[in-house]
Amino acid sequence: MLEEFLLAHSEWLFFGVIGLGFGFLLLRQHLANKAPEYIASATVESRRLGIAGFHGKYSSGCNHLVTFRLNGPETVELYVSRSEYEVLTEGLHGTLRWQNENMLSFEPQP
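So, how was this worked out
Residues numbered from 1 in each chain as written. Predicted model: local features only at pLDDT ≥ 70, side-chain atom pairs only at ≥ 80, totals over all residues. Heavy atoms only, no water. Phe/Tyr/Trp six-rings, centres within 6.5 Å; stacked < 30°, edge-to-face > 60°. Buried < 20%, exposed > 50% of the residue type's maximum accessible area, 1.4 Å probe, protein only. Lys NZ or Arg CZ within 6 Å of the ring centre and 35° of its normal. Helix = DSSP H or I, 4+ residues; strand = E, 2+ residues; numbered from the N terminus. Pairing = 2+ DSSP bridges.

Under the criterion given, the structure shown has 3 aromatic pairs. Measuring from ring centre to ring centre gives 5.4 Å for F14 and F15, while their planes differ by 70 degrees; the resulting arrangement is edge-to-face. Of the residues examined, F15 reaches a relative accessible area of 53% and is grouped as exposed. Here R47 stacks its cationic end above the ring of Y85, 4.4 Å away from the centre of that ring.

So this is what it looks like as C-alpha coordinates:
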(Lines give C-alpha, C1' and ligand atoms only; values in the text may rest on other atoms or scores of the structure.)
Protein backbone atom coordinates (compact mmCIF):
# COMPACT_ATOMS: atom_id res chain seq x y z
CA MET A 1 0.00 0.00 0.00
CA LEU A 2 2.76 2.45 0.94
CA GLU A 3 4.77 1.47 -2.11
CA GLU A 4 1.78 2.13 -4.36
CA PHE A 5 1.28 5.55 -2.76
CA LEU A 6 4.95 6.45 -3.20
CA LEU A 7 4.96 5.34 -6.83
CA ALA A 8 1.73 7.21 -7.59
CA HIS A 9 2.91 10.45 -5.97
CA SER A 10 6.68 10.30 -6.47
CA GLU A 11 6.85 13.51 -8.52
CA TRP A 12 5.04 15.45 -5.78
CA LEU A 13 7.31 13.99 -3.12
CA PHE A 14 10.36 14.92 -5.17
CA PHE A 15 9.24 18.53 -5.57
CA GLY A 16 8.24 18.65 -1.91
CA VAL A 17 11.72 17.60 -0.81
CA ILE A 18 13.31 20.14 -3.18
CA GLY A 19 10.97 22.85 -1.83
CA LEU A 20 11.82 22.02 1.78
CA GLY A 21 15.54 22.13 0.99
CA PHE A 22 15.17 25.50 -0.70
CA GLY A 23 13.14 26.80 2.25
CA PHE A 24 15.84 25.62 4.64
CA LEU A 25 18.53 27.47 2.67
CA LEU A 26 16.44 30.66 2.65
CA LEU A 27 15.90 30.43 6.41
CA ARG A 28 19.61 29.81 6.98
CA GLN A 29 20.54 32.87 4.90
CA HIS A 30 17.93 35.00 6.69
CA LEU A 31 19.34 34.03 10.08
CA ALA A 32 22.90 34.72 8.90
CA ASN A 33 21.88 38.22 7.75
CA LYS A 34 20.38 38.88 11.19
CA ALA A 35 23.76 38.32 12.86
CA PRO A 36 25.13 41.34 14.71
CA GLU A 37 27.59 43.68 13.05
CA TYR A 38 30.82 44.51 14.86
CA ILE A 39 33.04 47.59 14.63
CA ALA A 40 36.57 47.78 16.01
CA SER A 41 39.93 49.40 15.48
CA ALA A 42 42.11 46.83 13.72
CA THR A 43 45.40 46.22 11.95
CA VAL A 44 45.89 43.90 8.98
CA GLU A 45 48.07 41.09 10.28
CA SER A 46 48.19 38.65 7.37
CA ARG A 47 46.50 37.59 4.14
CA ARG A 48 46.04 34.19 2.59
CA LEU A 49 44.20 32.40 -0.18
CA GLY A 50 42.06 29.46 0.84
CA ILE A 51 40.36 26.74 -1.15
CA ALA A 52 36.83 27.86 -1.99
CA GLY A 53 34.34 26.54 0.54
CA PHE A 54 30.59 26.21 0.41
CA HIS A 55 30.02 28.89 3.04
CA GLY A 56 32.44 31.44 1.56
CA LYS A 57 30.85 34.68 0.48
CA TYR A 58 33.28 35.20 -2.38
CA SER A 59 34.29 32.06 -4.22
CA SER A 60 35.91 31.74 -7.62
CA GLY A 61 38.13 28.74 -6.99
CA CYS A 62 39.74 30.40 -3.98
CA ASN A 63 38.67 32.49 -1.04
CA HIS A 64 40.50 35.66 -0.06
CA LEU A 65 41.04 35.71 3.70
CA VAL A 66 42.52 38.51 5.78
CA THR A 67 43.47 38.25 9.46
CA PHE A 68 42.97 41.41 11.49
CA ARG A 69 44.46 42.06 14.93
CA LEU A 70 41.93 43.82 17.12
CA ASN A 71 42.87 45.79 20.23
CA GLY A 72 44.90 43.40 22.34
CA PRO A 73 45.76 39.80 21.44
CA GLU A 74 42.42 39.02 19.76
CA THR A 75 42.38 38.34 16.01
CA VAL A 76 39.61 37.72 13.50
CA GLU A 77 39.95 36.12 10.05
CA LEU A 78 37.41 37.37 7.51
CA TYR A 79 36.40 36.72 3.92
CA VAL A 80 37.01 39.68 1.62
CA SER A 81 36.51 40.31 -2.10
CA ARG A 82 39.42 40.03 -4.50
CA SER A 83 39.64 43.83 -4.93
CA GLU A 84 39.63 44.38 -1.16
CA TYR A 85 42.28 41.66 -0.78
CA GLU A 86 44.59 43.49 -3.17
CA VAL A 87 44.24 46.80 -1.26
CA LEU A 88 44.62 45.46 2.28
CA THR A 89 48.33 45.20 3.00
CA GLU A 90 49.98 43.96 6.17
CA GLY A 91 50.38 46.67 8.80
CA LEU A 92 47.50 48.81 7.50
CA HIS A 93 45.52 50.23 10.45
CA GLY A 94 41.91 51.41 10.43
CA THR A 95 38.32 50.88 11.46
CA LEU A 96 36.97 47.41 10.66
CA ARG A 97 33.29 46.53 10.32
CA TRP A 98 32.24 42.88 9.91
CA GLN A 99 29.34 40.45 10.21
CA ASN A 100 29.74 36.71 10.74
CA GLU A 101 32.86 35.75 8.75
CA ASN A 102 32.59 38.57 6.20
CA MET A 103 34.25 41.96 6.17
CA LEU A 104 31.74 44.71 5.44
CA SER A 105 34.18 47.64 5.30
CA PHE A 106 37.65 48.78 6.32
CA GLU A 107 38.45 52.48 6.56
CA PRO A 108 42.20 53.09 6.82
CA GLN A 109 43.41 55.69 9.32
CA PRO A 110 46.53 57.78 8.78
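Continuing now.
Turning to the pairing of strand 2 (residues 62–70), a few remarks are in order. Moving residue by residue along a regular strand, the side chains alternate between the two faces of the sheet. In terms of burial, strand 2 is largely enclosed, as 7 of its 9 residues are buried. Across 9 bridges, the pairing between strand 1 (residues 37–51) and strand 2 is antiparallel. Bridge pairing in strand 2 places R48 opposite L65. Looking at chain direction, strand 2 and strand 3 (residues 75–80) are connected through 6 bridges and run antiparallel. In the sheet register, F68 faces strand 3, and the bridge partner there is V76.

Right, let's talk about unusual backbone geometry for a bit. Positioned with a positive phi, N100 is a non-glycine residue whose angle comes to about 55 degrees. With respect to the element layout, N100 can be found in the loop between strand 4 (93–99) and strand 5 (102–108). Residue N100 is classed as partly exposed on the basis of its relative accessible area of 39%.

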